[in-house]
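The residues making up each chain are set out below.
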Amino acid sequence: MKRMKRILLGLACIALLAASWAAAITSKSNADRQRELIDQASAYTQDEIYVLAVPLLEEAAAYQDDFTPEAEAALKQVYLRLAEKGDFRRRYMNLLEKQMARKDAGPEIFQEAALYNFEMGKAADALAVLRNGIAKTGSEDLTRLYEERRYAFRCGRNIYEEASEIYRGTSQVAQGGRWGLASGSGIPYVPCEYDKISTFDGDRAIVQKDGVISAVDRDNNRVALLHAEAGDFGNYAENRLGLKNEAGWLLATGTFQTGSTAFEELGMFTAGYAPAKLNGKWGLIGADGGEWLIEPQYDDVVRDDLGRCGDPAALFIRRSDSVYLVRDGEEIAGPFEDARPFQDGWAAVSESGKWGFIDTDGEMRIPCRFDGARSFGQHLAAVEEDGLWGYVSLQGELVIEPQFLEARSFSGGSAPVRTGLGWQFISLLEYEGGGGLF
């Protein structure tokens, strides 16, 4: 019995020693095993037998030891060699995502992933990778690449005879001499079947067909009908528009309830006020039609193509043949030859036949050097050089080269541009990727 116990005890000790030895050998040999697997895979890759190198490198990378970076780098190269076969492209991207998720991920990993996405035509994904990499590493190289690529765009297929500035996600568009609405990317929204259509706001747009003025919703259902006589109407915003009859322009709601004051002209509402002309002079009228924010005293108020004057606290007025910036009722800059209303805090102004940009303090931010310009939208402004239009950044750099016959401001990541085919809509790929311009 004692002898048996001694034997069992001895066997147990041997087993314990063997287990400890095996664990020690295994622990110490992970890196050696990685090295061995990498070398075996290298022999296959030298013979261009990539498919047999894959399982060896995947096993080596799984050890997460000294040679893991080398194993992963070799594995990515093999995946790329086999990218056109099986699911190796997906495996490559999965490995990149794993590397980018690590706390110590360097900028080179984000750059590799971004450039690959650009190569695959996935610019929106590439820009998202760069934004993530910049936030995580603060890399100047990533920032530089991002700035070089962030203004990539795609051009929509829909073509129109006319297209207005985008307002609240839609643009007034014309086909065959009839008007409708398109989405910000140019997709038809309300069919082009009307003699005239206003901007869409809230739940309706104002339309005219065969002399009848009514309101329609986003599904082109009639939601209101004007019973009174009116020969024209303005753009609809903030439940207000102008209706023109024999007496002049009346302020009306979206259900065609009208005020009593007849204005000589009436613009589009912004921030509760609209430019209005009374007794030969212009000012800013409130939503009730009776309260003036700025009493009518100017020869004109500068408006954009939709009839807006921009920020009521900083607007451009005309006196004789010159334009001045008025802020909080005080003239602080000018004279200018012309100007566009403020958007995004900057406005286009003209001096000596050239256009540049000022801020609300009247300070020149981008010198007057362009042949034409529109005010900023989403930190981009349309500018004209040598008869073609492109877009300039807040730094004054041409980030979308002049190539269009005309161009309007960006809104919601898109802008109407006129090409040789007609009016089309370009959409920034960065915005499609969920980033948006900042």
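These remarks concern the structure in this document. Along each chain, residues carry numbers from 1 onward, in the same order as the chain's sequence is written. Local features in this predicted model are restricted to residues of pLDDT 70 or higher, and side-chain atom pairs are both shown and tallied only at a pLDDT of 80 or more, whereas totals for entire chains, interfaces and linings draw on every residue. As a rule here, side-chain values come from all non-hydrogen atoms in the structure, and water together with hydrogens is ignored.

**Comments concerning the overall build of the protein**
- For helices the rule is a DSSP run of H or I covering at least 4 residues; for strands it is a run of E covering at least 2, with both sets numbered from the N terminus onward. Assigned secondary structure in the protein consists of 8 helices and 32 strands.
- Throughout, the radius of gyration refers to the C-alpha atoms, and the reference size of a globule is 2.2 Å times the residue count to the power 0.38. On C-alpha atoms alone, the protein measures out to a radius of gyration of 33 Å, which is more than a quarter above the 22 Å that the 2.2 N^0.38 rule sets for 438 residues.
- In terms of principal-axis extent, the alpha carbons of the protein reach across some 120 × 50 × 50 Å.
- To sort residues, take the accessible area from a 1.4 Å probe on protein chains only and compare it with the maximum for the residue type: under 20% means buried, over 50% means exposed, and anything in between is partly exposed. Within the protein, the fraction of its 438 residues that count as buried is 46%.
- Contact between two residues is taken to exist if any of their heavy atoms lie within 4.5 Å; hydrogens are not considered. The long-range fraction of contacts in the protein, counting pairs at least 24 apart against all pairs at least 6 apart in sequence, stands at 37%.
- The accessible surface values rely on the Shrake-Rupley method and a 1.4 Å probe; as for residues, cover is taken only from the protein chains in view. When the accessible surface of the protein is totalled, it reaches about 21,700 Å², and 49% of it is carbon and sulfur.
- Only four residue types enter the tally: Lys and Arg on the positive side, Asp and Glu on the negative side, with His and both chain ends excluded. To locate a charge, take NZ of a lysine, CZ of an arginine, CG of an aspartate or CD of a glutamate. The averaged location of the 67 negative side-chain charges in the protein is 11 Å from the averaged location of its 47 positive side-chain charges.

**Some remarks on a nonpolar patch on the surface**
- Together, Y44, I49, V51 and L52 line one region of the surface with nonpolar side chains, adding up to about 320 Å² of accessible area.
- With respect to the helices and strands, L52 occurs in helix α2 (residues 50-62). The patch calculation keeps residues exceeding 30% relative accessible area without a salt bridge and links them within 9 Å when they carry like charges or within 5 Å when they are nonpolar (Val, Leu, Ile, Met, Phe, Trp, Tyr). What counts as a salt bridge is simple: a side-chain nitrogen of Lys or Arg found within 4 Å of a carboxyl oxygen of Asp or Glu.

**Let's talk about the nonpolar core**
- The set of buried Ala, Val, Leu, Ile, Met, Phe, Trp, Tyr and Cys residues whose side-chain atoms join them within 4.5 Å is what this entry labels a nonpolar core. If you look at the biggest cluster of nonpolar residues, it comprises 37 residues, and the most contacted ones within it are L57, V78, Y79 and L130.
- Secondary structure elements with two or more residues in this core: α1 (2-46), α2, α3 (68-81), α4 (88-100), α5 (107-119), α6 (123-137) and α7 (140-149).
- The biggest single contributor to this core is α2, with 7 residues.
- In this view, L57 contacts I38, A41, A71, A74, L75 and V78; residues no more than four positions away in its chain are not counted.

**Things to note about the packing of α4 against α5**
- To get an axis, fit a line to the C-alpha atoms, keeping to the stretch in contact for a helix; angles then go from 0 to 180 degrees between the N-to-C directions. The contact between α4 and α5 brings their axes to 9 Å, and the two run at 150 degrees. Comparing the axis directions of α4 and α5 gives the class roughly antiparallel. Crossing angle aside, the handedness with which α4 passes α5 is left-handed. Residues R89, Y92, M93, L96, Q99 and M100 of α4 pack against I109, F110, E112, A113, Y116 and N117 of α5. Throughout, the term roughly parallel applies to angles under 35 degrees, roughly antiparallel to angles over 145, roughly perpendicular to angles from 65 to 115, and oblique to all others. Rotating anticlockwise by less than a right angle from the far helix to the near helix defines a left-handed crossing, while the corresponding clockwise rotation defines a right-handed one.

**Looking at α7**
- Listed in full, the buried residues belonging to α7 are L142, L145 and Y146. Looking down the long axis of α7, one finds its buried residues gathered within 100 degrees of arc, a one-sided arrangement. Exposed and facing more than 90 degrees away from the buried side of α7 are E140 and E148.
- On its buried side, α7 packs onto α5, α6 and α8 (429-432).
- The distance from a side-chain oxygen at the start of α7 to the backbone nitrogen of D141 is 3.2 Å, and the residue carrying that oxygen is S139. As used here, the arc is the angular range of directions from the helix axis to the C-beta atoms. Counting of polar contacts relies on pairs of N or O atoms within 3.5 Å, with two restrictions inside protein: one atom must be capable of donating a hydrogen and the other of accepting it, and residues adjacent in sequence are counted only when both atoms are side-chain atoms.

**Some words on the pairing of strand β32 (residues 422-428)**
- Burial analysis of β32 places 7 of its 7 residues in the buried class, which makes it a mostly covered element.
- Each pair of strands is called paired provided DSSP finds at least two bridges between the two strands. Alignment of strand β1 (residues 153-155) against β32, held across 3 bridges, turns out to be antiparallel. Across the sheet, residue R154 finds its bridge partner in β32, namely S427.
- Across 6 bridges, the pairing between strand β31 (residues 414-419) and β32 is antiparallel. Paired with V417 across the strands is Q424, a residue of β32.
- What sits between β31 and β32 in their antiparallel hairpin is a turn of 2 residues.

**Examining the side chain of Q378**
- Tracing the backbone through its elements, the reader meets Q378 in the loop between β26 (372-373) and β27 (380-385).
- Here G413 takes part through its backbone nitrogen, which lies 2.7 Å from a polar atom of the side chain of Q378.

**Examining the pairing of strand β19 (residues 314-319)**
- Across 2 bridges, strand β18 (residues 300-301) lies against β19 in antiparallel orientation. Directly across from V301, in β19, lies its bridge partner I317.
- Pairing of β19 with strand β20 (residues 322-327), which is carried by 6 bridges, proceeds in the antiparallel orientation. By the bridge assignment for β20, F316 is matched with L325.
- Between β19 and β20, which pair antiparallel in sequence order, lie 2 residues; one of them, S320, sits at a positive phi of approximately 60 degrees.

**Some points on α5**
- Taking 1.5 Å per residue, 13 residues should reach 18 Å; α5 reaches 18 Å between its end C-alpha atoms and fits that length.
- Turning to α5, its buried residues are I109, F110, A113, A114, Y116, N117 and F118.
- Those residues of α5 that are buried lie in contact with α3, α4, α6 and α7.
- Immediately downstream of α5, the backbone of G121 shows phi near 80 degrees, a positive value. What a helix should span is 1.5 Å times the count of its residues minus one.

**A short note on the packing of α5 against α6**
- Remark: α5 packs on α6, axes separated minimally by 7 Å, with the N-to-C direction vectors making an angle of 170 degrees. By the angle between their axes, α5 is roughly antiparallel relative to α6. Two secondary-structure elements touch here, α5 through P107, F110, A113, A114, N117 and F118 and α6 through A123, D125, A126, L127, V129, L130, N132, G133, K136 and T137.

Scope: geometric values only; no functional claims are made or implied.
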